[in-house]
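Chain and residue survey
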Amino acid sequence: MSTQPESQPFPAQPVSFVRRGSRLQGRRRDAWAELSEGLVVEVPRNSAADTSVDPTWEYDAAASFGRDAPLVVEVGSGLGEAVAHAAAERPEHNFLALEVYKPGLAQTLLRIDQRGLTNVRVAQVNAAEALATMIRPASVAELWVFFPDPWHKTRHHKRRLVKDSFIELAGRVLVPGGLLRLATDWSDYAAQMREAANASPFFENLHDGERAGADSPLTQVWASGVEHEVGGTPRREGRERAGTASVNDGEDALGGWAPRFEGRVLTSFENKAHDAGRMIFDLTYRRVS
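So, here's what we can say about the structure. Starting afresh in each chain, residues are numbered from 1 along the sequence in its written order. Owing to the predicted nature of the model, reporting of local features is limited to residues with pLDDT of at least 70; listing and counting of side-chain atom pairs is limited to 80 or more, with chain, interface and lining totals taken over all residues. To obtain the side-chain values, all non-hydrogen atoms of the structure were included, while hydrogens and water were left out.

Among buried residues, those of type Ala, Val, Leu, Ile, Met, Phe, Trp, Tyr and Cys that are joined through side-chain atoms within 4.5 Å constitute a nonpolar core. Accessibility here uses a 1.4 Å probe with only protein chains present; expressed as a share of the type maximum, an area under 20% marks a residue as buried, one over 50% as exposed, and anything in between as partly exposed. By size, the foremost hydrophobic cluster in this structure holds 49 residues, and its most contacted members are Leu96, Leu98, Met134, Leu143, Val162 and Leu180. Each helix is a run of DSSP H or I of at least 4 residues and each strand a run of E of at least 2, with the numbering of both proceeding from the N terminus. The leading source of residues in this core is helix 5 (residues 127–134), at six residues. By definition in these notes, contact holds between two residues if any of their heavy atoms fall within 4.5 Å. Every residue in contact with leucine 143, bar those within four places of it in the chain, is listed here: Val73, Val75, Leu131, Phe166, Ala170, Val173, Leu174, Leu179, Leu180 and Arg181. Ala31, Ala84, Leu109 and Trp144 belong to the second-largest nonpolar core, a separate cluster that totals 28 residues.

Here's what the structure looks like:
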């Protein structure tokens, strides 16, 4: 079995995000102007898109941080709550936050400055492109993907980030023994994540067989019916069900769910999921050597 996926230029495919406003205002505008030097990775682009990556360029983490240290990469860092908290708790690690939305990165810069952190860098990139070429092979100790856009409708599932092709890219960048940490609050996406990672020869589930049957959060959410509602609003009659339409409700005999990752601060986003009564699904995989 090959232990290193072949590196190839990033193929054209639907992106996992929607373009939103990137205009900076107020404190975020000031933060970008005053704090970006040395903290924002200057990524060469291969197109006019501000999230593209020149496939011939590689990120030199040691040069960026001025030291050699285990690298943790968070994909979709949002407003920087998780990465800033983790960086403060783990000063012996370097952290790289990948995000497509400039306002989110500006907010992350504010958090870095408020905490006086020196071990965080941010990059405005399409993560799939970054993992394909920008991040060096076998250079990442941990790769985090927490609550990516679920793209509920079946016709939009092709836009989901965590699928077979992404798992292969994760295998490319992680060191042997490195960890892939995933989390979502939607059951059918959780099942898709588990299926893709379980099928990969590059990963082993650290909690294989655990929390199955009645103890499985998948079984529990199927029984609860909570995903018939989105954000607390009942779905309209005749409209496609948001969370579990493609899943055969019953009992999850497979399991493999990890306990909640203690290193993930409880963000406002995760709190909203709890307030809506949704379950949180954590998965942890180790890159095999």
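Now that the structure has been shown, the text picks up again.
Right, let's get into the environment of serine 289. With respect to the helices and strands, the residue serine 289 is situated in the segment after strand 9 (281–287). With 111 residues separating them in the primary sequence, serine 289 and glycine 178 have C-alpha atoms 9.4 Å apart.

Even without being glycine, phenylalanine 147 reaches a positive phi, approximately 55°. Of note, the phi angle at arginine 211 is positive, near 50°, even though the residue is not glycine. Positionally, arginine 211 belongs in the loop between strand 6 (203–205) and helix 8 (217–224).

Relative to each other, helix 1 (residues 26–35) and helix 4 (residues 102–115) sit at 70°, their axes nearing to 9 Å. With respect to helix 4, the element helix 1 is oriented roughly perpendicular. In terms of crossing hand, the pair formed by helix 1 and helix 4 is left-handed. Residues Arg27, Arg28, Ala31, Trp32 and Leu35 of helix 1 form the contact with helix 4, whose own contacting residues are Lys102, Pro103, Leu105, Ala106, Gln107, Leu109, Leu110, Asp113 and Gln114. In the contact of helix 1 with helix 4, the residues fall into eight nonpolar, two polar and four charged. Here an axis means a line fitted to C-alpha atoms, over the contact stretch when the element is a helix, while the angle between two N-to-C directions is reported on a 0 to 180 degree scale. Convention used here: angles under 35 degrees read as roughly parallel, angles over 145 as roughly antiparallel, angles from 65 to 115 as roughly perpendicular, and any remaining angle as oblique. For a crossing to be left-handed, the near helix must be turned anticlockwise from the far one by less than a right angle; the clockwise case is right-handed. All amino acids are sorted into three groups, where Ala, Val, Leu, Ile, Met, Phe, Trp, Tyr, Cys and Pro are nonpolar, Asp, Glu, Lys and Arg are charged, and the leftover types, Gly among them, are polar.

Burial analysis of strand 1 (residues 71–75) places five of its five residues in the buried class, which makes it a mostly covered element. Here five bridges tie strand 1 to strand 2 (residues 94–99), and the two strands are oriented parallel to one another. When the sheet's bridge partners are listed, valine 72 is paired in strand 2 with phenylalanine 95. Being paired, for any two strands, means DSSP has found at least two bridges between them. Bridge count between strand 1 and strand 4 (residues 140–146): four bridges; the pairing is parallel.

Next up on the list: the environment of threonine 184. Mapped onto the secondary structure, threonine 184 falls in strand 5 (residues 174–184). Note: C-alpha distance between threonine 184 and isoleucine 280 (96 residues apart in sequence) is 6.0 Å. When residues no more than four places from it in sequence are discounted, the contact partners of threonine 184 are Phe147, Tyr189, Ala190, Met193, Met279, Ile280 and Phe281. Each polar contact in these results corresponds to two N or O atoms within 3.5 Å; when the atoms are within protein, one needs to be able to donate a hydrogen and the other to accept it, and residues that are neighboring in sequence are counted only if both atoms are side-chain atoms. A polar side-chain atom of threonine 184 sits 3.3 Å from the main-chain amide nitrogen of tryptophan 186.

So, on to the packing of helix 5 against helix 6 (residues 164–173). Closest axis-to-axis distance for the helix 5/helix 6 pair is 9 Å, and the angle between their directions is 40°. Considering the angle they form, helix 5 stands oblique to helix 6. Pair helix 5 / helix 6 crosses with left-handed handedness. Counted together, Ala128, Leu131, Ala132 and Thr133 of helix 5 and Phe166, Leu169, Arg172 and Val173 of helix 6 form the full contact between these two elements. Looking at the contact of helix 5 with helix 6, its residues break down into six nonpolar, one polar and one charged.

In this section: helix 1. Within helix 1 the residues assigned to the buried category are Ala31, Trp32 and Leu35. All buried residues of helix 1 lie within an arc of 105° about the axis, which places them on one face of the element. The outward face of helix 1, more than 90 degrees from its buried face, is lined by the exposed residues Ala33 and Glu34. Picture the helix axis, draw a direction to every C-beta atom, and the arc is the one those directions span.

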